[in-house]
Amino acid sequence: MFALNTQYVDSNPLVLRDVLWDSYHIIDGFMAYNDPHFERAEAILSAFAVFSLPSFKESWNSPDYQERFERIWSLIKQGV
């Protein structure tokens with residue numbers, strides 16, 4: 001059952017976002033962002049997944065993708 005649940009969550013970015021909501025809250029607190037929508041915390045976790053996992057390809061067509069991409073890029077551009 002765990003493997004099936006993991007496969008479902010891993011292949012559905014919107015479901016994964018819901019699963020990670022508590023993690024966004026923790027990251028937001030740790031980083032002292034005080035961001036009510038946890039956008040920067042979500043960008044931190046997305047930076048590791050959105051560009052490398054095929055299951056996220058559907059999220060590239062989301063209406064807010066440009067904003068999310070810019071937040072992710074702002075995290076990594078200084079290191080490039």
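Okay, so let's go over this structure.

What counts, and where the lines are drawn
Residues numbered from 1 in each chain as written. Predicted model: local features only at pLDDT ≥ 70, side-chain atom pairs only at ≥ 80, totals over all residues. Heavy atoms only, no water. Core = buried A, V, L, I, M, F, W, Y, C linked by side-chain atoms within 4.5 Å. Buried < 20%, exposed > 50% of the residue type's maximum accessible area, 1.4 Å probe, protein only. Contact = heavy atoms within 4.5 Å. Axes fitted to C-alpha atoms, helices over the stretch in contact; angles between N-to-C directions. Helix = DSSP H or I, 4+ residues; strand = E, 2+ residues; numbered from the N terminus. Parallel < 35°, antiparallel > 145°, perpendicular 65-115°, else oblique. Nonpolar A, V, L, I, M, F, W, Y, C, P; charged D, E, K, R; others polar. Patch = residues over 30% accessible without salt bridge, like charges linked within 9 Å, V, L, I, M, F, W, Y side chains within 5 Å. Areas by Shrake-Rupley, 256 points an atom, 1.4 Å probe, with all protein chains shown as cover. Salt bridge = Lys/Arg side-chain N within 4 Å of Asp/Glu carboxyl O.

Listed in full, the eight residues of the largest apolar core are Val-9, Leu-16, Ala-43, Ala-49, Val-50, Phe-56, Tyr-65 and Ile-72. Other than its neighbours up to four places away in sequence, Val-50 contacts Phe-56, Trp-60, Tyr-65, Arg-68 and Ile-72.

Axis separation between helix H4 (residues 39–46) and helix H5 (residues 65–76) bottoms out at 9 Å; the angle between their running directions is 70°. Taken together, the axes of H4 and H5 lie roughly perpendicular to each other. Of the residues in H5, those touching H4 at Glu-39, Arg-40, Glu-42, Ala-43, Ile-44 and Ser-46 are Arg-68, Arg-71, Ile-72 and Leu-75. Of the residues in the contact of H4 with H5, the class split is four nonpolar, one polar and five charged.

Moving on: the environment of Arg-17. Turning to its location among the elements, Arg-17 is positioned in helix H2 (residues 13–19). A C-alpha to C-alpha distance of 18 Å links Arg-17 and Phe-2, two positions 15 residues apart in sequence. Excluding residues that lie within four positions of it along the chain, Arg-17 makes contacts with Tyr-24, Glu-42, Asp-64 and Arg-68.

A cluster of nonpolar side chains, Phe-51, Trp-73, Leu-75 and Ile-76, forms an exposed patch at the surface whose accessible area comes to about 340 Å². Tracing the backbone shows Leu-75 in helix H5. Judged by its relative accessible area of 39%, Leu-75 is partly exposed.

Phi at Ala-32 is positive, roughly 55°, even though this residue is not glycine. Within the fold, Ala-32 resides in the loop between helix H3 (21–31) and H4. Unusually for a residue other than glycine, Asn-34 sits at a positive phi of about 55°. As for its placement among the helices and strands, Asn-34 is situated in the loop between H3 and H4. Looking at Asn-34, the relative accessible area reads 66%, which means it is exposed.

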